[in-house]
Structures are given as C-alpha cells and as structure tokens.
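Coordinate inspection notes
The chain contents come next:
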Amino acid sequence: RAKAAGRNAIRFYHPAMQRSVDARLELEKELRRALERGGLELHYQPQHCAAGRLAGAEALLRWPHPQHGFVPPNEFIPIAEESGLILPLGRWVLETACRQISRWYREGLLAGIDHIAVNISPRQFHQPEFVAEVEAVLAATGAPPQKLMLELTEGIVIEDVTDTIAKMEALREVGVRFSIDDFGTGYSSLLYLKRLPLDEIKIDRSFVSDLETDPNDRAIVETILSMARHLDLAVVAEGVETETQRDFLKRHGCRFYQGWFYSKPLPAAEFRERLRRRRLSA
Ligand code: C2E
Ligand code: MG
Ligand code: MG
Ligand code: MG
C-alpha cells in the first residue's frame, strides 16, 4: 500500500539525510554538547481514556537550540542513531523519565494512571546489556516498573525476532510493558503481532489524520481495533486532532487517545499540574 512506501520515502529523503556530511557532524557535535550540559528536556504528551480522563503520557525528547528553536526529533534522532550518540542519549531519556515517574509516584499522582511511555530506538534495544540497563535504571530511580511502557518500532523487531522476544520477556518478568509504535506502517505488522509478548499497539498518526476523508483508512483502523480486541491488546491512537476522529475511534473500541485534540506535549511541570488536577477531581 502507498502508505508504507510513502513512509519509507519520507525516511529516505528526510531533510536530515540531505544535509551535507559537515552539517550532520556539526549537528551531532551540538547534540552531544547539549546532552552533556543539561540542554535537553523531556516533554510529556497526555493520553486520555475513552471517558475523557487523563490515563497516561508519552515522554518525548525536546532539544531547545540557541539559534534554531526546538530541533524536531525526526531530524536529530536519525543522526544520533547513526553516530551511536543514541546510546547515551537513550539512557538519559530512560533515566529522566524513570526519575520523574518515581517522583510522581511517591507524590501519589500516578494512582489510576496506566503508564508513562518511553521511546526506545533500535540501536539502544539491540545492545546486549539493554535488559540490565533498564533494570539498573529502575533500581536506581525507584520507579515502579508497572508504570513504565516501552515503545518499540518495527525496525527493532525485524532485526532479530528471537533476541527481541527474549529481551521483552525478561523485562516483562519485572513488570515493564511493551507497545508497538507507529503500527501499520511497516512490513511485518501481522506477523509479529502474533509472536511478540506485547501489551499495546499504537495506531500510526498517518491512518488517524485522514479518517474523515479516506474510507481506506477507516477500514484499516477498524481492522486494527478489532484485531487488537481479539488479541487482548490495548490500543492507543496517535495524532488525534478532531472530535470526529475521536468519535470514530471510540465507536470502534479504541482504549487510549493521544493528540492535539487533547493536548500537545507538555513540559514536566505542566504535565504534573494535569496529574494533580486529575487527583483533585477524583
Ligand atoms: P512518535 O513516537 O510516533 O511520537 C509521536 C509524535 O507525534 C510526536 O512527534 C508528537 O509530538 C506528534 N504528535 C502527537 N499528537 C499529534 C497531533 O495531534 N498532530 C500532529 N501533527 N502531531 C502529533 P515528535 O515529538 O516530533 O517526535 C517524533 C518522533 O521522534 C517520535 O515519533 C519518535 O519516533 C522520535 N522520538 C521522540 N522522542 C524520542 C526519544 O526520547 N527517544 C527516541 N528513540 N525517539 C524519540
Ligand atoms: Mg512513540
Ligand atoms: Mg508513535
Ligand atoms: Mg508516529
């Protein structure tokens, strides 16, 4: 389907790829410096349940650049992935999110909150010591593993299914859960749905954005939701921008909703305020 091809085209012809080697090296150097000097932030995008209540969040990396404003993750994550900087960067994200989870948990703000999700990049996941790293971060921060959802992409899975399953099972043993990000955009979606020990799938924004106009996307989303129900997987719809999209998803049994209709990603302090208000209204 065109959507899959389009996705790859985006990846292949991505602006970051078109930068000169020099510009990429410069960006990587600046990113490394930002990481070392505390110049990166995690923002939290709320996820809501069908009844409308705040139910979770996804942690998203933000790099406020002194000259260029916020640099979009889609521009710097591929560069970090290629250069290996993603390893210390991914670790920083995991540590920061877990420290935050631990603090909010101790403040009583995570009661009734299903999870805080963290994106894991392929290179980070495929490190031999990935499982030990996550366990060490959980132990060091005191974050309850049950509140941590790790978002994997299809890229991760197709590299080595056996190793992927082994790592997922080891971490699920501890209580960590797993989600497949951007579901439906890759090649092998159905194949690994059956094989992987998953808890959740995230319907890619590209399917949600045209729900109102594209009957094919409506059919795909309906199919994903009914399949997920049979496989007992929770579903998060990403990129929900309108009430009509939300209503369609709701009618077909979607469990969680993330997108501008509810909220843009928020700085930690603002997200904490949402958690606090939720508690007060409980
Ligand atoms: P993703 O994991 O699929 O994250 C969802 C993206 O959709 C985010 O873009 C979010 O801001 C955006 N989004 C959410 N709701 C809406 C909406 O209603 N409309 C529109 N137009 N966009 C919406 P963002 O933050 O720019 O991140 C892009 C990608 O960069 C992420 O896609 C993820 O693959 C990657 N990324 C971000 N943070 C991290 C990180 O900490 N680690 C890793 N490995 N990757 C990250
Ligand atoms: Mg994600
Ligand atoms: Mg996603
Ligand atoms: Mg996406």
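To be clear, the structure that these remarks concern was listed above.
My aim in this report is to walk through the structure given alongside it, one point at a time. (Residues numbered from 1 in each chain as written. Chains lettered and ligands numbered in written order. Predicted model: local features only at pLDDT ≥ 70, side-chain atom pairs only at ≥ 80, totals over all residues. Heavy atoms only, no water.)

Observations regarding the coordination of the magnesium ion (ligand 3)
Spelled out, the test is: Water is absent from the atoms considered, so a metal site may look incomplete; donors are defined as N, O and S atoms within 2.8 Å of the metal, or 3.2 Å for Na, K and Ca. Secondary structure elements follow DSSP: runs of H or I no shorter than four residues count as helices, runs of E no shorter than two count as strands, and numbering proceeds from the N terminus. Partly exposed describes any residue whose relative accessible area lies between the buried limit of under 20% and the exposed limit of over 50%, with all areas from a 1.4 Å probe on protein chains only and scaled to the type maximum.
In the first shell of the magnesium ion (ligand 3), the protein supplies D181 (OD), D182 (OD) and E238 (OE), at 2.0 to 2.7 Å from the metal. In primary-sequence terms, the residues that donate to the magnesium ion (ligand 3) follow D-D-x55-E. Here the magnesium ion (ligand 2) and the magnesium ion (ligand 3) are spaced 3.5 Å from one another, each receiving a donor from D181. Of this pair, D181 sits in strand β6 (residues 177-183) while E238 sits in the loop between β8 (234-237) and α13 (243-251), and the two are 57 residues apart along the sequence. With relative accessibility at 7%, the residue D181 sits in the buried group.

Notes on unusual backbone geometry
Backbone geometry places D182, a non-glycine residue, at a positive phi of 55 degrees. Structurally, D182 can be placed in strand β6. By relative accessible area, which is 14% here, D182 ends up buried. We note that D232 has phi near 60 degrees; this positive angle belongs to a residue other than glycine. Topologically, D232 is positioned in the loop between α12 (215-230) and β8.

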